[in-house]
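Report on the structure
What follows is each chain in one-letter form.
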Amino acid sequence: MRRKESRYRFTDEGIASDTVIALVFGFAALALILALVILAVRQGKSGEKTPMLLAASVVMVLNALVFSILSLRAQYGGMKSKRLAMWISLIDTALVVALFIL
């Protein structure tokens, strides 16, 4: 008997792998930025963990931005997911810049 090969696939042919990575980093950065804002509102001041969380969110935002640009240049994959990844990355970038200014 021949054993079936199991192939794990995390994406369809309709979604570029760069898009999936950009979306994961984008939503993770968005959650981290929202956690920073909630911590600042609850405590009334920035705590000890704020610089570390802000640095982590900046790294995630930069990764999301790079991968979303790469996904736009990919030949395969749908445009809706690529545009969503780009919009999430741009929103994250604007929020991080706003946090640095404030």
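What you are looking at is a predicted structure, and each value in this text was computed from that prediction instead of being measured.

Reading the values: the criteria
- Residues numbered from 1 in each chain as written.
- Predicted model: local features only at pLDDT ≥ 70, side-chain atom pairs only at ≥ 80, totals over all residues.
- Heavy atoms only, no water.
- Helix = DSSP H or I, 4+ residues; strand = E, 2+ residues; numbered from the N terminus.
- Areas by Shrake-Rupley, 256 points an atom, 1.4 Å probe, with all protein chains shown as cover.
- Patch = residues over 30% accessible without salt bridge, like charges linked within 9 Å, V, L, I, M, F, W, Y side chains within 5 Å.
- Salt bridge = Lys/Arg side-chain N within 4 Å of Asp/Glu carboxyl O.
- Expected span 1.5 Å × (residues − 1).
- Buried < 20%, exposed > 50% of the residue type's maximum accessible area, 1.4 Å probe, protein only.
- Contact = heavy atoms within 4.5 Å.
- pLDDT = per-residue confidence, 0-100.
- Axes fitted to C-alpha atoms, helices over the stretch in contact; angles between N-to-C directions.
- Parallel < 35°, antiparallel > 145°, perpendicular 65-115°, else oblique.
- Left-handed = near helix turned anticlockwise from the far one by under 90°.
- Nonpolar A, V, L, I, M, F, W, Y, C, P; charged D, E, K, R; others polar.

Moving on: the overall build of the protein chain. Of the regular secondary structure elements, the protein chain holds 3 helices and 0 strands. The helix and strand sequence of the protein chain, counted from the amino end, reads α-α-α. Roughly 7,700 Å² of accessible area belongs to the protein chain as shown, and the carbon and sulfur atoms make up 66% of that amount.

Together, Trp87, Leu90, Ile91 and Leu95 give the surface a local cluster of nonpolar side chains, amounting to about 390 Å² of exposed area. You can see isoleucine 91 is positioned in helix H3 (residues 79–101).

Let us look at helix H1 (residues 17–43). Along an α-helix, residues three or four positions apart point the same way, because every turn accommodates 3.6 residues. With 27 residues, H1 should cover 39 Å at 1.5 Å per step; its first-to-last C-alpha distance of 39 Å lies within 8% of that length. All of the buried residues along H1 are Asp18, Thr19, Ala22, Leu23, Gly26, Ala29, Leu32, Ile33 and Leu36. Packed against the buried residues of H1 are helix H2 (50–73) and H3. Phi turns positive, to about 80 degrees, at glycine 44, one or two residues after H1.

Turning next to the confidence of the model for the protein chain. The predicted structure's coordinates, where accompanied by low pLDDT, should not be read in detail. Chain-level pLDDT for the protein chain is 84 on average; 84% of the residues reach the 70-or-more range. When pLDDT is averaged over each helix and strand of the protein chain, the minimum, 89, is found for H1 and the maximum, 91, for H3.

This part takes up the side chain of serine 89. Here serine 89 shows up in helix H3. Excluding residues within four positions of it along the chain, serine 89 makes contact with Val61, Ala64, Leu65 and Ser68.

Once that is clear, we can look at the packing of H2 against H3. Put simply, H2 and H3 touch, their axes get as near as 9 Å, and they point 150 degrees apart. As summarised for this structure, H2 and H3 are arranged roughly antiparallel, according to the angle between their axes. Considering the relative orientation of H2 and H3, their crossing is left-handed. Counting all contacts with H2, which are made through Leu54, Ser57, Val58, Val61, Ala64, Leu65, Ser68, Ile69, Ser71 and Leu72, the residues of H3 involved are Met79, Lys82, Ala85, Met86, Ser89, Leu90, Asp92, Thr93, Val96, Leu99 and Phe100. Tallied by class, residues from the contact of H2 with H3 come to 14 nonpolar, 5 polar and 2 charged.

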